[in-house]
Amino acid sequence: MQNKLIIGKLAAVALFATLATGCATKGYVNEQVAQAKSAADSAQATANAASSKADAASAKASEALAAAQAAQQCCVDTNEKIDRMFKKSMLK
């Protein structure tokens, strides 16, 4: 009978320890989830900032390309004008 009583007490202690550990584990998991969410939010903010900067860089690159194309066309026009002037001077 005493063995059953001791076994019952040990079982009660084991059950209490399991429940107490479960609560601590739940708190630990919640803390880890909160840290992971914070890290994910920070990463998202960084990604959004990088995307904005990339969009701005793309716009600047488009402006630079348009300016380069305009300069190239001006160069072509100037060369054609010089060729016409040279041919005209050769006819005289």
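Residues numbered from 1 in each chain as written. Predicted model: local features only at pLDDT ≥ 70, side-chain atom pairs only at ≥ 80, totals over all residues. Heavy atoms only, no water.

A. Geometry of the overall build of the protein chain. For the protein chain, the helix and strand inventory stands at one helix and zero strands. With 92 residues in all, the protein chain has 0% of them scored as buried. Summing over all exposed atoms, the protein chain offers an accessible surface of approximately 8,200 Å²; the carbon and sulfur share of this is 66%. (Helix = DSSP H or I, 4+ residues; strand = E, 2+ residues; numbered from the N terminus. Buried < 20%, exposed > 50% of the residue type's maximum accessible area, 1.4 Å probe, protein only. Areas by Shrake-Rupley, 256 points an atom, 1.4 Å probe, with all protein chains shown as cover.)

B. Here's a closer look at a nonpolar patch on the surface. Taken together, the side chains of Tyr28, Val29 and Val33 present a nonpolar region at the surface, about 290 Å² in accessible area. Checked against the element boundaries, valine 33 lands in helix H1 (residues 2–91). (Patch = residues over 30% accessible without salt bridge, like charges linked within 9 Å, V, L, I, M, F, W, Y side chains within 5 Å. Salt bridge = Lys/Arg side-chain N within 4 Å of Asp/Glu carboxyl O.)

C. Seen up close, the pattern of salt bridges. In the structure shown here, the tally under the stated rule is one salt bridge. Across the pair lysine 37 and aspartate 41 runs a salt bridge, and its minimum N-O distance is 3.3 Å. Here the residue lysine 37 and the residue aspartate 41 both occupy positions in helix H1, the gap between them amounting to four residues, near one helical turn.

D. A look at the state of the cysteines. Within the structure shown, the criterion is met by zero disulfides. Cysteine 74 forms no disulfide, and the closest cysteine sulfur to it belongs to cysteine 75, at a distance of 7.4 Å. Among the residues examined, cysteine 74 registers a relative accessible area of 46% and is labelled partly exposed. Classification of cysteine 75 by relative accessible area gives partly exposed; the value is 38%. (Disulfide = S-S within 2.5 Å.)

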